[in-house]
Amino acid sequence: MASPPDTSKTTKLERYNSYLRRINTARLLTLSSQLLFRTTLLAALLLILLFTLHHPPLSSFSLSSSSSSSFPHSHRSLLSSSSSSLSSPSFQRQVLHSATPRNPSGLSVLVTGAAGFVGSHCSLALKKRGDGVLGLDNFNSYYDPSLKRSRQSLLSKHSIFIVDGDINDSSLLKTLFDLTPFTHILHLAAQAGVRYAMRNPQSYISSNIAGFVSLLEVAAKSADPQPSIVWASSSSVYGLNDENPFSELHRTDRPASLYAATKKAGEEIAHTYNHIYGLSITGLRFFTVYGPWGRPDMAYFFFTKSILSGKPITVFKTQDGAGEVARDFTYIDDVVKGCLGALDTAEKSTGSGGKKKGPAQLRIYNLGNTSPVPVGKLVGILEGLLGVKAKKNVVKMPSNGDVPYTHANVSLAEHDFGYRPTTDLAAGLRKFVKWYVQYYGIKNKVQGGVGGGKDVSEVASV
Ligand SMILES: O=C(O)[C@H]1O[C@H](OP(=O)(O)OP(=O)(O)OC[C@H]2O[C@@H](n3ccc(=O)[nH]c3=O)[C@H](O)[C@@H]2O)[C@H](O)[C@@H](O)[C@@H]1O
């Protein structure tokens, strides 16, 4: 007799089969979702790659359009959408074209801070006499970046290319030195401003100390040949010095602001890199440089803006209340001549590959005007030029890092490279105001026809 089917066995088998089916379906689902995920990831990576090749990050560099208008009111950003990566042939062509001098005996200068006030003037002056110039600037927003872009536009008209990058970016610096055997660095990139150091101390450490060291490291160890370096120190290193006029032989160990302390630190760091690596280094102590295309954070600039718009200005008198604060205001053209003189008399560095081969030149010079003017008088000159009376609040200079006066003795710079300032404050401010009213498109209220007719790019004295 046939035995009845073992139903418990069949049920178990069915349950087992259904269990296997469920497992397989789940596996299939997992596998297909994994496949889908990988395909999507691959596609996304391919897209990113394609995008990067055609649109490099804006922070890495920008290309100045040679056809761009130099008229600053457009304040047009020059970030190019057609630029490619640092290794792309078009980037390398722009660098070489900009940095190569017109004749073989000319200099090839890397100008850091080229979109800045002094940097843009020096770059144009060098290019105009036939030297090769490559600019480097991070276009930070310490003051209105559109002014920096306008300066970039002006430089671009003169075939000067500015790489959009930071001096703390060592690999960018190495790339630039691999591409071009610069003979000189004119190092003007810095966090400027005396009083702002109380608000943002770290920015001074980052630019004026870390950034300077980053540049010197590459110049000493990677650059072949080692370039000669000329860089911007500051009159503020004299700090609480009370000998007058300030000479390079006077004490500079009592800075009154963190800004001054970082510039003084730069001078000591320069000594070290000269001593260890044989870098030829020249520091220039600038004295309150002013003029067309100037810095909006400086008193003469923002006083002009406030006076024209009827806003009050604060004029400092000395802390004892007895005298006026005074500065040895120095016109930009004079400072440019000093910078070029320092570059032309800079000896070659003596090391290579991080090894010193012999002693190298180490210099410090004052670049001032030798004729201090009280801030009250500066305001009086501006009132005359603008045809507007200033609303002045005269207050005791707060404890903000300012010093009561500066006054340069420039006999050393005169002796070594013929530095002789020729522009007094009234003449220099007249040129500044002429530029200012045109640049900002302000109706010409200026007395004596100061603001008449020319394009702002001609007003720039370079
Ligand atoms: O040559 C230098 O060493 C320095 O010159 C300037 O620093 P500073 O001389 O303080 O220039 P401004 O900020 O334009 O001030 C000029 C004068 O105006 C005074 N001032 C400033 C601001 C203000 O509201 N009122 C006022 O009376 C200051 O005390 C100073 O005497 C630059 O800003 C620094 O970057 C540079 O290193």
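Please refer to the structure placed before this passage.
Values in this document were obtained by computation on a predicted structure and should not be read as measured data.

Caption draft 1: Summary view of the site of the ligand. What surrounds the ligand is a group of 19 residues, the closest being Ala192, Ser234, Met298, Ala299 and Phe316. With three residues, the top contributor of residues to the shell around the ligand is strand β8 (residues 312-317). Along the lines of polarity and charge, the residues of the shell around the ligand split into eleven nonpolar, six polar and two charged.

Caption draft 2: Broad picture of the pairing of strand β6 (residues 281-286). Across the six residues of β6, six count as buried, placing the element largely inside the fold. Residues Ile281, Gly283 and Arg285 of β6 are buried on one face, and the alternating residues Thr282, Leu284 and Phe286, pointing to the opposite face, are buried as well. Running through helix α7 (residues 258-277), the crossover from strand β5 (residues 228-234) to the neighbouring parallel element β6 is right-handed. Both β6 and strand β11 (residues 362-367) contribute to a ladder of six bridges, which runs parallel.

Caption draft 3: Inspection of helix α6 (residues 201-221) at higher detail. Taking 1.5 Å per residue as the helical rise, α6 with its 21 residues ought to reach 30 Å, and the 29 Å between its terminal C-alpha atoms agrees with that figure. By the largest-angle criterion, Gly211 marks the main kink of α6, which is about 30°. Considered for burial, the residues of α6 that qualify are Tyr204, Ser207, Asn208, Gly211, Phe212, Leu215, Leu216, Val218, Ala219 and Ala220. Contact partners of the buried residues in α6: β1 (108-112), α5 (170-179), β4 (184-187), β5 and α7.

Caption draft 4: Broad picture of unusual backbone geometry. For the peptide bond that leads from Asp224 to Pro225, omega is 5°, which places it in the cis range. For Pro225, the position within the fold is in the loop between α6 and β5. That bond from Asn244 to Pro245 is cis: its omega, -10°, falls within 30 degrees of zero. A positive phi angle, close to 50°, is found at Phe139, a residue other than glycine. Mapped onto the secondary structure, Phe139 falls in the loop between β2 (132-137) and α4 (145-157). Residue classification places Phe139 among the buried positions, given that 21 C-beta atoms sit within 10 Å. For Ser159, which is not glycine, the phi torsion reads 60° and is therefore positive. Taking the C-beta count within 10 Å as the criterion, Ser159 has 14 such neighbours and is therefore assigned partly exposed.

About the criteria used
By convention here, each chain's residues receive numbers from 1 onward along its written sequence. Residues qualify for local features only when their pLDDT is at least 70, as the model is predicted, and side-chain atom pairs are given and counted only at 80 or more; totals for whole chains, interfaces and linings, by contrast, use all residues. Should the C-beta atom of a residue, placed from the backbone, lie within 6 Å of a molecule or strand, that residue is near it. The way it works is that DSSP assigns letters per residue, a run of H or I at least four long becomes a helix, a run of E at least two long becomes a strand, and they are numbered from the N terminus. Residues are grouped as follows: Ala, Val, Leu, Ile, Met, Phe, Trp, Tyr, Cys and Pro are nonpolar; Asp, Glu, Lys and Arg are charged; all remaining types, including Gly, are polar. Counting other C-beta atoms within 10 Å of its own, a residue is labelled buried from 20 upward, exposed at 12 or fewer, and partly exposed in the gap between, with every C-beta atom placed from the backbone. The handedness of a crossover follows from its direction of travel: if, with the strands pointing away from the viewer, the path from the first strand over the helix to the second runs clockwise, the crossover is right-handed. Whether two strands pair comes down to DSSP finding at least two bridges between them. To estimate how far a helix should extend, the number of its residues minus one is multiplied by 1.5 Å. The term bend refers to the angle at a residue between two fitted axes, each drawn through seven residues, those ending there and those starting there. By definition, residues are in contact whenever their C-beta atoms, placed on the basis of the backbone, come within 7 Å of each other.

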